[in-house]
Each structure stands twice: as C-alpha cells, then as structure tokens.
Amino acid sequence: MGLREPNSLIGEWLESGWLLGIGIGGLILILLGLKRDDVLGPIFVLMGVALAALGFGAQFLGWNPLSL
C-alpha cells in the first residue's frame, strides 16, 4: 500500500462500500420477501438474490459491474 495515490484509495473504498451496500440491500429484500404471504413475496426474494449476487459477487469474487 506504500506508493498508491490517496485519491485511488478513496475511490476503491467508495466503490467497495457501494457494492457492499447493494449486497446488504439484497439481503434485506430477501428477508422482507420471506415474511410476505402475497404475490410480492417471491418477487422480493428474486430481486434480493439478484442484488445480493451483484453486490457480494462484485466485492468478494472480483467481478466489476462498473466496467460493463
């Protein structure tokens, strides 16, 4: 971490925080979808799985959704 620019470090930190936020939002949608008994429950679960896969996959598996 010695010779990196401070701006690039802040940019990487903000990007990782944003992606973790998306993953956490997906987990919240999954939990809300499991508590619902109407037709929106499976939709919440499906959207939550997609967001969690995007957020946590980008963070922990090295995917870069911002480069698409």
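As a convention, each chain's residues are numbered from 1 in the sequence order in which they are written. With the structure being a predicted model, the display of local features is reserved for residues of pLDDT at least 70 and the display and counting of side-chain atom pairs for 80 or more, all residues being used for whole-chain, interface and lining totals. Values reported for side chains reflect all heavy atoms of the structure, with hydrogen atoms and water molecules removed beforehand.

## Section: the overall build of the protein
Short version of the rule: In this description a helix means any DSSP run of H or I spanning at least four residues, a strand means any run of E spanning at least two, and both kinds are numbered starting from the N terminus. Accessibility here uses a 1.4 Å probe with only protein chains present; expressed as a share of the type maximum, an area under 20% marks a residue as buried, one over 50% as exposed, and anything in between as partly exposed. Contacts are assigned to residue pairs that have any heavy atoms within 4.5 Å of one another. Accessible surface is estimated by sampling points in the Shrake-Rupley manner with a 1.4 Å probe; for residues, cover comes only from the protein chains shown.
The secondary structure content of the protein amounts to two helices and zero strands. Here the protein, with 68 residues, has 22% of them falling under the buried criterion. Considering only contacts within the protein whose residues lie at least 6 apart along the sequence, 51% involve residues at least 24 apart. Split by element, the accessible area of the protein, about 5,100 Å² in all, is 73% carbon and sulfur.

## Section: helix H1 (residues 6-35)
For clarity, the cut-off: By this rule, a helix spans an expected 1.5 Å times one less than how many residues it contains.
Given a rise of 1.5 Å per residue, 30 residues ought to cover 44 Å, and the 44 Å separating the end C-alpha atoms of H1 matches this to within 8%. Among the residues making up H1, those that are buried are Ser16, Leu19, Ile22, Gly23, Gly26, Leu29, Ile30 and Gly33. Looking at the buried side of H1, the elements it contacts are helix H2 (40-60).

## So, the environment of Ile24
Tracing the chain through its elements places Ile24 in helix H1. Among the residues examined, Ile24 registers a relative accessible area of 45% and is labelled partly exposed. Residues Ile24 and Phe56, spaced 32 residues apart in sequence, show a C-alpha to C-alpha distance of 8.3 Å.

## With respect to the packing of H1 against H2
Applicable threshold: Structural elements are reduced to axes, namely lines fitted to C-alpha atoms, with helices fitted over the stretch in contact, and the angle between N-to-C directions of any two is expressed from 0 to 180 degrees. Angular relationships are summarised with four words: roughly parallel below 35 degrees, roughly antiparallel beyond 145, roughly perpendicular across 65 to 115, and oblique for the angles in between. Each crossing is labelled by how the near helix is turned from the far one, with a counterclockwise turn of less than a right angle marking it left-handed and a clockwise turn marking it right-handed.
Across the interface, H1 lies against H2 with an axial gap of 7 Å and an inter-helix angle of 155°. When the axes of H1 and H2 are compared, the pair comes out roughly antiparallel. Remark: the crossing between H1 and H2 carries left-handed chirality.

## With respect to a nonpolar patch on the surface
To be explicit about the condition: A patch consists of residues whose relative accessible area exceeds 30% and which take part in no salt bridge; residues with like charges are grouped when within 9 Å of each other, and nonpolar side chains (Val, Leu, Ile, Met, Phe, Trp, Tyr) when within 5 Å. By salt bridge we mean one thing: a side-chain nitrogen of Lys or Arg within 4 Å of a carboxyl oxygen of Asp or Glu.
A contiguous nonpolar surface patch, about 360 Å² in accessible area, is contributed by Val39, Leu40, Ile43 and Met47. Relative to the elements of secondary structure, Val39 occurs in the loop between H1 and H2. You can call Val39 exposed: its relative accessible area is 65%.

## Some details on the environment of Gly23
Checked against the element boundaries, Gly23 lands in helix H1. Among the residues examined, Gly23 registers a relative accessible area of 0% and is labelled buried. Not counting residues within four places of it along the chain, the set of residues in contact with Gly23 comprises Leu51, Ala52, Gly55 and Phe56.

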